[in-house]
Amino acid sequence: MIAVVREVGVKDTAPEPQDLLEIAVRVARDGAATARRMRAEGVSAVATKSTATDVVTAADRAVERQVIADLRAARPGDTVLGEEYGTSGDQSAGGTAVRWILDPIDGTVNYLYGLPNYAVSLAAEVDGVVVAGVVHNIATGDEWTATLGGGAHRDGRRLHGSTETDLAQALVGTGFGYDPARRLHQATVLLGLIAQVRDIRRAGAAAIDLCLAAEGLIDAYYEKGLNLWDQAAGGLVATEAGLVLGGLKGRPAGPDLVVAAPPALFGHLHDLLVELDAAGGP
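Each chain has its residues counted from 1, following the order in which its sequence is written. It should be noted that, the model being predicted, local features are given only for residues of pLDDT at least 70 and side-chain atom pairs only at 80 or more, the latter also being counted only at that level, while totals for whole chains, interfaces and linings use all residues. Excluded from the side-chain calculation are hydrogens and water; included are all heavy atoms of the structure.

Draft legend 1. Layout of helix α1 (residues 17-41). For the purposes of this entry, the term helix denotes a DSSP run of H or I that reaches at least four residues, the term strand denotes a run of E that reaches at least two, and both are numbered from the N terminus. For a helix, the expected span equals 1.5 Å multiplied by the residue count minus one. With 25 residues, α1 should reach 36 Å at 1.5 Å per residue; the first-to-last C-alpha distance of 36 Å fits that figure. Trailing α1 by a residue or two, G42 shows a phi angle of about 115°, which is positive.

Okay, structure coming up:
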């Protein structure tokens, strides 16, 4: 039960992460159902954003509107940061300290082509700290969840990440940006890295990649250019599974670079990515 302070001028006390997760799971599942239905009816209203390869569909926008409406119904005082419509809600006096961070369809290109790797990613942030998150694969129904201090789970099973300790034997996930100049720089980084690891995987949905690393289905993951909505929920799943999540040279994970790896692999992978200037370029 979420505690409420009734004194005049005092905001609601912070809700429990588990309470927020329950809302997130319900809302994300409903959003995923809408995305599945719209894809079955045919992908429509395909447009582009930053480049000709950065696509957005009618489903991206419809799912975001639906999730925002559902969150407002459940917690009217919260704000929502979404990929398609930015920030909605009012965190002025009388509001709450909760902000929801939403990617309505992470992996839109996969959605467009019918590749089964695209997800609703929804996280809850309290006073600037992500405390709950869910990543729901729309195509398969696979679902990863986490709460701050409560661990990461997939379908009720606790996740602990990879036990690999040798980077040369590690399967590493990554992704590429939409800008051609950035892709070229990322390809140069990959060229220097690929001979130092077991192999590389590129699945096309950052939130799912982070969850695969949390589950140990890949050993580590890195990518440049991620926005907050790409990594908020998946990043919490990864850290609660015991992975180290960060940027390079002591910086936090962010647009410059996101690296997620077990402690035994993080340092070596980090140093290689520094040497290869993975956070550089366009």
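The structure having been displayed, the exposition proceeds.
Draft legend 2. Main features of the side chain of D106. Inspection of the secondary structure puts D106 in strand β5 (residues 98-106). Think of it in three bands: with a 1.4 Å probe and only protein chains considered, a residue is buried below 20% of the maximum accessible area for its type, exposed above 50%, and partly exposed in between. When charges are counted, Lys and Arg contribute as positive and Asp and Glu as negative, whereas His and the chain ends are disregarded. Every case where a carboxyl oxygen of Asp or Glu lies within 4 Å of a side-chain nitrogen of Lys or Arg is listed as a salt bridge. At 8.8 Å, R202 is the nearest oppositely charged side chain to D106, a buried residue that forms no salt bridge. Here a polar contact means two N or O atoms within 3.5 Å. Within protein one must be a hydrogen donor candidate and the other an acceptor candidate, and residues neighboring in sequence count only if both atoms are side-chain atoms. Within the structure, D106 has its side chain in polar contact with the backbone nitrogen of A207 (distance 2.8 Å). Not counting chain neighbours up to four residues away, the residues in contact with D106 comprise N117, Y118, A119, A205, A206, A207, I208 and D230. Contacts were defined at the residue level, with two residues in contact if any of their heavy atoms lie within 4.5 Å.

Draft legend 3. Inspection of the environment of T51 at higher detail. For T51, the location among the structural elements is in the loop between β1 (47-48) and β2 (55-56). Judged by its relative accessible area of 17%, T51 is buried. Spatially, the C-alpha atoms of T51 and D179 are 6.5 Å apart, while their sequence positions differ by 128 residues. When near neighbours in sequence (up to four residues on either side) are disregarded, T51 contacts Y178 and D179.

Draft legend 4. Expanded view of the pattern of salt bridges. For the coordinates displayed, the defined rule picks out eleven salt bridges. One salt bridge in this structure joins R37 and E41, with 3.4 Å as the shortest N-O distance. Here R37 pairs with E41, and both are found in helix α1, just four residues apart, close to one helical turn. Relative accessible area serves as the criterion here: at 43%, R37 is assigned to the partly exposed category. In this structure, the salt-bridge partner of K49 is E83, at a minimum N-O distance of 3.1 Å. Pair noted here: K49 is in the loop between β1 and β2 and E83 is in the loop between β3 (79-82) and β4 (86-88), with a separation of 34 residues, a long-range link.

Draft legend 5. Quick peek at unusual backbone geometry. The phi torsion at K249 lies on the positive side, around 60°, for a residue other than glycine. Summarising the element assignment, K249 is placed in the loop between β14 (244-246) and β15 (258-261). K249 sits in the exposed class, given a relative accessible area of 62%. Positive phi outside glycine occurs at D277, with the angle close to 60°. Note on D277: relative accessible area 41%, which makes it partly exposed.

Draft legend 6. Structural detail: helix α6 (residues 228-240). In this model, α6 (13 residues) spans 18 Å end to end at C-alpha, consistent with the 18 Å of a helix rising 1.5 Å per residue. Most of α6 is tucked away, with eleven of its 13 residues classed as buried. Buried residues of α6: W229, D230, Q231, A232, A233, G234, G235, L236, V237, A238 and E240, and no others. The positive-phi residue at the C-terminal boundary of α6 is G242, with phi of around 100°.

Draft legend 7. Representation of the nonpolar core within the structure. As used here, the term nonpolar core means buried Ala, Val, Leu, Ile, Met, Phe, Trp, Tyr and Cys residues forming a set that is joined through side-chain atoms within 4.5 Å. Core analysis: the biggest nonpolar cluster contains 33 residues, and V135, W144, L159, I208, Y221 and V237 have the highest contact counts within it. When contributions to this core are tallied by element, the ones reaching two or more residues are β6 (119-126), β7 (129-137), β8 (143-147), α5 (206-215), α6 and β15. A total of eight residues in this core trace back to one element, the largest contributor, which is α5. For L159, the contacting residues outside a window of four places in its chain are W144, A152, H153, R154, A214, E215, V237, E240 and A241. If you look at the next biggest cluster of nonpolar residues, it comprises 32 residues, including L20, V27, L102 and L122.

On their own, these measurements won't tell you what the molecule is for.
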